[in-house]
Structures are given as structure tokens and as C-alpha cells.
Amino acid sequence: MKNTLVALALLGLVGCAGTMEKPTPPAPGAQANDALYRALGGTEGITRVVDTFLQRINADARINTLFRTVDHDDLRRLVIEQLCAATGGPCKYTGRSMEEAHNGLNLTEADFKAFVDDLIAAMNQLKVPKSNQKKLLALLAPMKPQIVGQ
Ligand code: HEM
């Protein structure tokens, strides 16, 4: 009995030391500051956010008609790439510039708000901590002039 307890205690200690001393190794091609990328769960976590976000956009009558003729697989891939790269991850964004992509759509402030509302709702659904949500939104906010009114 005593031996079992000692063994369990040792296992506990080993397990604990294992998780504390093993920081996630940087992904190949990672940028210097990839803290937000890692905090969001890397490409896997970002993919979950984008999938939930795009589902919400498709169900959002305020803006879903804008996406009716869009290739959803392409958009999904490009938004994942863009968020991965913007948060410091090891991805390269291969899509068009924000001006080019949104040119002719005549997007309004209300469209932009709906889009951001859907992104926040997706992150809330996935229980992304508010501090990380704010950091991600702060990366997207400066893109607004290249998107609204193009
Ligand atoms: C910061 C906010 C936004 C980001 C980061 C973003 C990102 C993107 C990206 C990466 C693409 C694909 C680019 C490509 O095809 O090469 C795209 C396309 C598109 N976005 Fe956005 N977007 C934003 C805001 C919006 C808003 C507010 C709307 C409308 C409510 C919108 C509607 C669209 C549509 C309809 C397309 C497809 C355009 C086409 O294929 O002709 N986007 N966006």
C-alpha cells in the first residue's frame, strides 16, 4: 500500500513536471511574435473559429446574400491563412489585397458591424477568452478603410 502511494505520488510529480517544463515548440516558419497565434490554439484553433464564423455569416440575413456567389472553400482557406499570418503564425496569405477583394461590393459600416458581430459570436461560442478576442479584433480594425466603401 505504501509503495503504491509512493508510486502514485511520483507519477503525479512526473506528470506535473512534464507539462510545466515543456513549452510548445515553435512551428516551422513561425514569426517572432506568435503569442496570439498560439493563444488561439494555432492553425487548428483558428480553423475552428473561421468555420464557426462562416456558419454564422451564412445564417446572418443582414449580410449572407453578399456571399451567395462566393466560393466558400476558397474564402475559408484564405481567411484561415490571413488570420494565421496576422496573429504571427507560420502561414502566408495568398489572397488578394483587402481593397481588391472588396472592390465593387460597396460595403457599409453596418455590413462591417454585422461581420464583426458574427466573429465575436463565433469566438464566444468557442469560449475564446475576451483578451484574445480583443487582440484579434485590434488586428482587423485597421483594415476597415480598405474594406468599407470600396
Ligand atoms: C476585417 C474584416 C474583413 C476581413 C479580414 C476580410 C477578409 C476577406 C478575405 C481574406 C477574402 C478573400 C480574398 C480573396 O478572394 O482573394 C474576402 C473576400 C470577401 N469578403 Fe471579406 N473581409 C472582411 C470584411 C468583410 C465584410 C464586412 C464583408 C461583408 C459584410 C465581406 C465580404 C466579402 C466577400 C463577399 C468576399 C468575396 C469577394 C469575391 O470573391 O468577389 N468582407 N474577405
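Residues numbered from 1 in each chain as written. Predicted model: local features only at pLDDT ≥ 70, side-chain atom pairs only at ≥ 80, totals over all residues. Heavy atoms only, no water.

Draft legend 1. The overall build of the protein, seen in detail. A count of helices and strands for the protein gives 8 helices and 0 strands. From first element to last, N terminus to C terminus, the protein shows the α and β order α-α-α-α-α-α-α-α. Relative to its full complement of 150 residues, the protein shows a buried share of 30%. Carbon and sulfur atoms form 60% of the exposed surface of the protein, whose accessible area is close to 9600 Å². (Helix = DSSP H or I, 4+ residues; strand = E, 2+ residues; numbered from the N terminus. Buried < 20%, exposed > 50% of the residue type's maximum accessible area, 1.4 Å probe, protein only. Areas by Shrake-Rupley, 256 points an atom, 1.4 Å probe, with all protein chains shown as cover.)

Draft legend 2. Molecular detail of helix 3 (residues 42–58). Compared with an ideal rise of 1.5 Å per residue, which puts 17 residues at 24 Å, helix 3 spans 24 Å between its outermost C-alpha atoms and is within 8% of the ideal. Where helix 3 is concerned, the buried positions are Gly42, Gly45, Ile46, Thr47, Val49, Val50, Thr52, Phe53, Leu54 and Ile57. On the buried face of helix 3, the contacting elements are helix 2 (35–39), helix 4 (72–86) and helix 6 (109–125). (Expected span 1.5 Å × (residues − 1). Contact = heavy atoms within 4.5 Å.)

Draft legend 3. Spatial organisation of the side chain of His102. Note that His102 resides in helix 5 (residues 98–102). Not counting residues up to four positions away in its chain, the partners in contact with His102 are Leu107, Ile147 and Gln150.

Draft legend 4. Expanded view of the site of the ligand. Around the ligand lies a shell of 21 residues, among which Phe67, Gln82, Arg96, His102 and Phe115 are the nearest. Take Arg96: an N or O atom from its main chain is 2.8 Å from an oxygen atom of the ligand. Of all the cavities here, the one that holds the ligand is the largest pocket. Elements with a minimum of two residues in the shell around the ligand: helix 4, helix 5 and helix 6. Counted by class, the shell around the ligand contains 16 nonpolar, 3 polar and 2 charged residues. (Near = heavy atom within 4 Å. Polar contact = N/O pair within 3.5 Å; in protein donor to acceptor, adjacent residues only side chain to side chain. 1 Å grid on protein atoms, 1.4 Å probe; cavity = no way out; pocket = protein on both sides within 12 Å on 5 of 7 lines; lining within 4 Å. Sits in = over half its atoms within 2 Å of the grid points. Nonpolar A, V, L, I, M, F, W, Y, C, P; charged D, E, K, R; others polar.)

Draft legend 5. Local environment of the state of the cysteines. In total, this model carries 1 disulfide according to the counting rule given. A sulfur-sulfur distance of 1.9 Å marks the disulfide that ties Cys84 to Cys91. Between Cys84 and Cys91, the disulfide has an S-S torsion of 80° and is therefore right-handed. (Disulfide = S-S within 2.5 Å.)

Draft legend 6. Representation of the packing of helix 6 against helix 7 (residues 130–140) within the structure. The geometry of helix 6 relative to helix 7 is characterised by a closest axis approach of 11 Å and an angle of 155° between their N-to-C directions. Classed by the angle they form, the pair helix 6 and helix 7 counts as roughly antiparallel. Every pair of crossing elements has a handedness; the one defined by helix 6 and helix 7 is right-handed. Seen from helix 6, the contacting residues are Val116, Leu119, Ile120, Met123 and Asn124; seen from helix 7, they are Lys130, Gln133, Leu136, Leu137 and Leu140. (Axes fitted to C-alpha atoms, helices over the stretch in contact; angles between N-to-C directions. Parallel < 35°, antiparallel > 145°, perpendicular 65-115°, else oblique. Left-handed = near helix turned anticlockwise from the far one by under 90°.)

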